[in-house]
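Fold and contact review
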Amino acid sequence: MIQKMTRSTRDVLEWILLFHMHSLEIRALSSSTLPRNSPIKHRKAPEIAQPERAFWQLDEGYPGLQCIHSNPHVWCVENFIQPNLCDQLIASAQRDGIEKGNDSGTVASTDFSQLASSSMPEAQLDLSRLWPLAPLLLLSAVPSALHAAGDPEQVLMACLRAWGVTSGIMYLLALAVPRLIEMQGSTTQRTSSSALVTNQTLVSGVIKRAEKLLRADAHTFEAPVVTRYEEGQCFMNHNDASLAPEKDWGGLGGQRLVTVIVYLNDVPRGGETAFPSLRDGTSSHQLRVRPKKGQALVFFPADLDARVDERTLHSGVMAQDTKWICQFWKRQRNVPPPLGLPI
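Here goes a summary of the coordinates provided. (Residues numbered from 1 in each chain as written. Predicted model: local features only at pLDDT ≥ 70, side-chain atom pairs only at ≥ 80, totals over all residues. Heavy atoms only, no water.)

1. Digging into the pairing of strand β12 (residues 323-331)
Among the nine residues in β12, nine count as buried, and that is most of the element. Where burial is concerned, the two faces of β12 agree: the one with K323, I325, Q327, W329 and R331 and the one with W324, C326, F328 and K330 are both buried. Bridge analysis of strand β5 (residues 225-229) against β12 gives five bridges, and the strand direction is antiparallel. From the neighbouring strand, T227 faces β12, where its bridge partner is I325. (Buried < 20%, exposed > 50% of the residue type's maximum accessible area, 1.4 Å probe, protein only. Helix = DSSP H or I, 4+ residues; strand = E, 2+ residues; numbered from the N terminus. Pairing = 2+ DSSP bridges.)

Following this line, the structure appears as structure tokens:
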């Protein structure tokens, strides 16, 4: 069949086949060196060592600091703030008025307009994970090619049409799926209520400790937010970082490098912070942190190159008893108010 094709047609077909073989990382010996009907031999691609990722370094000598997971590091700090400060933060949120947060984890108030653009998009498309579509695209032309068997020109045109249609459908799905996921999760992603901490004395009590723990300038922190989870409320799996930080947060300090969650009360039932990709060091169970009054949980949603660490995907398990937390993030650069601290 190949011998009957024109030279230009044969060149186009060979280019398409070579392109898809490369996308599948198939390395075959040249057919000219093999006898007819000899099987193609494949060589195993050499393993490439991945460079070690660098993350923000905190003060490992900080009092009460304990590593509960390594690679990636997850830390707990016992008695990060005193019980009376926990009570004052809760009282301040109740006094100032606590509002139901939207699904991106921000406060639904006109006073916090910048906060609305500070959370990770609900659904983001990582193009590097679409490589399995290459073999599907190649196979999509098989039925059309078989139907046109016997005429090389028709086989080529049938393949090109099939690949074109399939590519178009995949492209539309790639655009539509994240939006559909976002719409589906818009009422279920987060059901808690939040309030920005406006009392600067209380803010200072939290931030000064965070500066020492993280060895960072307070102006790279987001302003602390107090969040309440009542019975039946939760926050589904999410990551605190963005796949496109400069696009999403370029004017807001860039990528989130450190997450700090401070538990303001003991929660006997439910309300744990769960990491579905991490395992408890003493068992094979999912890593979960039970809220303990005054304790801080620290982890790193992105590395110093602003790349998301998907291993830190986490959720707020459904609360059975009311849970209060105070949370904030350290970013790459200074964060302008009101998202950041007053200068």
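2. Quick word on the nonpolar core
F80, L89, L213, L214, F221, L264 and V298 are the most contacted members of the largest nonpolar core, which totals 44 residues. Broken down by secondary-structure element, the contributors of at least two residues to this core are β2 (74-77), α2 (83-96), β4 (193-196), α6 (200-214), β5, β7 (256-263), β10 (296-299) and β12. Here this core gets seven residues from one element, more than from any other, and that element is α6. Aside from chain neighbours lying at most four places away, what touches L214 is W56, Q57, L58, F221, V258, V260, V298 and K330. Among the nonpolar cores identified, the runner-up in size contains 14 residues, and V74, C76, Y229 and L297 belong to it. (Core = buried A, V, L, I, M, F, W, Y, C linked by side-chain atoms within 4.5 Å. Contact = heavy atoms within 4.5 Å.)

3. Examining the packing of aromatic side chains
Counted according to the given criterion, the structure contains three aromatic pairs. Measuring from centroid to centroid gives 6.3 Å for Y62 and F80, while their planes differ by 45 degrees, and the two rings are tilted. Taken together, the positions of Y62 in the loop between α1 (7-23) and β1 (65-69) and F80 in the loop between β2 and α2 put the pair 18 residues apart, joining distant regions of the chain. The same class applies to Y62 and to F80, which are both buried. Both rings, one in F275 and one in F299, keep their centres 5.1 Å apart while their planes meet at 90 degrees; by these two values the pair is edge-to-face. Placement of the pair is F275 in strand β8 (residues 273-279) and F299 in strand β10, with a sequence separation of 24 residues. Taken individually, F275 and F299 each receive the classification buried, so the pair is uniform in this respect. Sitting over the face of the ring of Y229, K323 holds its NZ or CZ atom 4.4 Å from the ring centroid. Above the plane of the ring of W56 lies K330, whose end atom (NZ or CZ) is 4.4 Å from the centre. (Phe/Tyr/Trp six-rings, centres within 6.5 Å; stacked < 30°, edge-to-face > 60°. Lys NZ or Arg CZ within 6 Å of the ring centre and 35° of its normal.)

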